[in-house]
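Structural overview for review
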Amino acid sequence: MKLPALLRPAVALIGLLPAWCAAASIGIVTIVDGDLAVLRDTHRFAAAEGLRVRDNDILRTGADAKLARIELNDGTTLDLGPETELMLQPRAGGAFGERAATLYLARGWLKIGSPAEPGITGVASTVLDLQRLAGTAVLRATPGATLLFVEAGSAQVAPVQEGHAGKAAALREGDAFVKRANETAMTARRPPADLLQGLPRAFADSLPRRAARWQSQPVEPGAAVPVAYAEVSRWIHAEAPLRAMALARFTPRAADRSFRASLVAELRDHPEWDRVLFPEKYRPKPVAVAKAPVAAAAASAPALQPLAQPAPMTASLQGLMSWPSAARDYTPNSPMEAR
């Protein structure tokens, strides 16, 4: 049956919706044991099992979280421990260059399981990049130290300094990579015991995949609230590629009085926000049109020369001037003249 012309565009659009939805979702939250929040664009909402996650989502667990699991569409599993912040698929694009940017761990505990084919998933962080993981690895990022150890399989790790990744080193099962504050990064045959303190108990379990049960009926996000400055300041003050992303992402929140006040108070730490907060300083200045005052114009005009005095009349001219009176006094001397 041939559809009416008016219905064809609508049907074509409906046909595109499933593909669009699949592109928007990169995975599903399958376990939530404790507090798990999702920061999407400029809003925050609580996550629930069955929620689809998207590119550029920031996942954040609370101090009481025991485990949060996300299963990505490419087969990767992500287990988050307490007080963890992880960005999915950061949109830095070429800004990260050769660095791994599939995930970005800002702080906390992350256990990542990758498919057998290496090179699909990479984790970037302030001091190290995990690359070409084929197996399972655990990362811990704290202000004082960062730890990576390969639980199973193999991986590569590259130290990061001032946003640039160094030469990658190969790690095999049981190997660890450690970077403590003010110390040189080092590899070890086993992870240091002090950095393993607080390892989530759930990380020791091998959990089956559960995403299939929500594939046809995903859970929609709950009520969302605008993010507060304290919730995103870590990303505003992050390394250069993330700072540029945060500037574009959170600029709408600068209209909020409290958010703006915090930005202004810490402007020295993020000077790139000055243009957003004070745009009038960067507007082109009007071009001044020079107008000479009337007095100045008069002063610059050439001075008028006085009129020259008339020259004295010659004798002939004087005679012509007196001619009428002479004509009145003339008397003819002959009849011919009288005529």
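See the structure above.
Residues numbered from 1 in each chain as written. Predicted model: local features only at pLDDT ≥ 70, side-chain atom pairs only at ≥ 80, totals over all residues. Heavy atoms only, no water.

**A closer look at the packing of helix α3 (residues 229-236) against helix α4 (residues 240-250)**
Spelled out, the test is: Angles shown run from 0 to 180 degrees and are taken between the N-to-C directions of axes, each axis being a line fitted to C-alpha atoms and, for helices, limited to the stretch in contact. To qualify as a helix, a DSSP run of H or I must reach at least 4 residues; to qualify as a strand, a run of E must reach at least 2; elements of each kind are numbered from the N terminus. In this description, contact between two residues means that some pair of their heavy atoms is separated by no more than 4.5 Å. When residues are sorted by character, Ala, Val, Leu, Ile, Met, Phe, Trp, Tyr, Cys and Pro go into the nonpolar class, Asp, Glu, Lys and Arg into the charged class, and all the rest, Gly among them, into the polar class.
At a closest axis distance of 8 Å, the pairing of α3 and α4 adopts a crossing angle of 145°. For the pair formed by α3 and α4, the contact residues are Val 232, Trp 235 and Ile 236 on the first element and Leu 242, Arg 243, Ala 246 and Phe 250 on the second. Of the residues in the contact of α3 with α4, the class split is six nonpolar, no polar and one charged.

**What to know about the environment of Gln 197**
Along the chain, Gln 197 falls in the loop between α2 (193-196) and β17 (225-226). The contacts of Gln 197, once residues within four sequence positions are left out, are Trp 109 and Arg 140.

**Focus: the nonpolar core**
A general tendency of soluble globular proteins is for nonpolar side chains to be buried together. Worth spelling out the cut-off: Working definition of a nonpolar core: buried Ala, Val, Leu, Ile, Met, Phe, Trp, Tyr and Cys residues. They are joined through side-chain atoms within 4.5 Å. Burial classes follow relative accessibility: with a 1.4 Å probe on protein chains only, a residue under 20% of its type's maximum area counts as buried, one over 50% as exposed, and anything between as partly exposed.
Leu 78, Ile 112, Leu 130, Leu 139 and Leu 148 are the most contacted members of the largest nonpolar core, which totals 33 residues. Looking at this core, the elements with two or more residues in it are β1 (25-33), β2 (36-40), β6 (67-72), β7 (77-80), β8 (85-88), β9 (103-113), β11 (128-141) and β12 (145-161). Broken down by element, this core gets its largest block of residues, six residues, from β11. Residues contacting Leu 139, with those up to four places away along its chain left out, are Leu 105, Gly 108, Trp 109, Leu 110, Ile 112, Val 123, Leu 128, Leu 130, Leu 147 and Leu 148. Val 227, Ile 236, Phe 250 and Ala 254 belong to the second largest nonpolar core, which has 23 residues in total.

**Some words on the side chain of Arg 69**
Turning to its location among the elements, Arg 69 is positioned in strand β6. Classification of Arg 69 by relative accessible area gives buried; the value is 5%. For Arg 69, the contacting residues outside a window of four places in its chain are Ile 28, Val 29, Thr 30, Ile 31, Thr 77, Leu 78, Asp 79, Leu 207 and Pro 208.

**Examining the packing of aromatic side chains**
Any aromatic ring pair is given by two values, namely how distant the centres are and how the planes are angled relative to each other. Defined as follows: What counts as a ring pair is set by centres within 6.5 Å for rings of Phe, Tyr and Trp (its six-membered ring), and what kind of pair is set by the plane angle: stacked under 30 degrees, edge-to-face over 60, tilted for all other angles.
Under the counting rule described, the total for this entry stands at two aromatic pairs. The interplanar angle of 65° and the centroid separation of 6.1 Å between the aromatic rings of Tyr 104 and Trp 235 together place this pair among those described as edge-to-face. Placement of Tyr 104 in strand β9 and of Trp 235 in helix α3 is noted, with a sequence separation of 131 residues between them. Comparing Tyr 104 with Trp 235 shows no difference in burial state: the two are buried.

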